[in-house]
Amino acid sequence: MGCGCKGGNRQQFEVVTTDEKGDDKVVYTSTSEPTATAVTRRYPGSTVRTKRQQTSAGPRAGA
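These numbers were taken from a predicted model, which means no experiment stands behind them.

Peer 1: Looking at this model, I keep getting lost on the confidence of the model for the protein chain. Mind explaining?
Peer 2: In low-pLDDT segments, the atomic positions of the prediction should not be examined closely. Across the protein chain, the average pLDDT comes to 82, with 70% of residues at 70 or higher. When pLDDT is averaged over each element of the protein chain, helix H1 (residues 33-39) comes out on top at 96 and strand S2 (residues 24-30) at the bottom at 94.

Peer 1: So what exactly am I meant to see when it comes to the sheet that holds strand S1 (residues 13-18) here?
Peer 2: Adjacent strands of a sheet pair through backbone hydrogen bonds, lying either parallel or antiparallel. Overall, antiparallel pairing links the three strands, which are arranged S2-S1-S3 in an open sheet. Looking at the sheet topology across the chains shown, the edges are occupied by S2 and strand S3 (47-50). Strand-to-strand twist across the sheet, computed as the mean angle between neighbouring axes with direction ignored, equals 35 degrees.

Peer 1: Where do I start with the side chain of Thr40 in this structure?
Peer 2: Mapped onto the secondary structure, Thr40 falls in the loop between H1 and S3. In terms of polar contacts, Thr40 uses its side chain to reach the backbone carbonyl oxygen of Thr37, at 2.4 Å. The contacts of Thr40, once residues within four sequence positions are left out, are Val15, Ser46, Thr47 and Val48.

What counts, and at which threshold
Residues numbered from 1 in each chain as written. Predicted model: local features only at pLDDT ≥ 70, side-chain atom pairs only at ≥ 80, totals over all residues. Heavy atoms only, no water. pLDDT = per-residue confidence, 0-100. Helix = DSSP H or I, 4+ residues; strand = E, 2+ residues; numbered from the N terminus. Pairing = 2+ DSSP bridges. Axes fitted to C-alpha atoms, helices over the stretch in contact; angles between N-to-C directions. Polar contact = N/O pair within 3.5 Å; in protein donor to acceptor, adjacent residues only side chain to side chain. Contact = heavy atoms within 4.5 Å.

As structure tokens, then:
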């Protein structure tokens with residue numbers, strides 16, 4: 001059974017923390033903003049952001 005996301009156009013939210021190097025690390029992804037916001041309580045200093053849309057960069061190397 002396929003997913004109901006209709007071709008990947010559904011908005012997603014990421015819970016993001018910052019690691020020791022100062023880089024962003026995604027710790028959770030959800031289609032529900034209230035759920036993502038609730039998850040931030042488990043990660044002090046984390047934030048919710050809209051997931052970046054991936055763009056097609058052509059064929060993969062070695063393909």
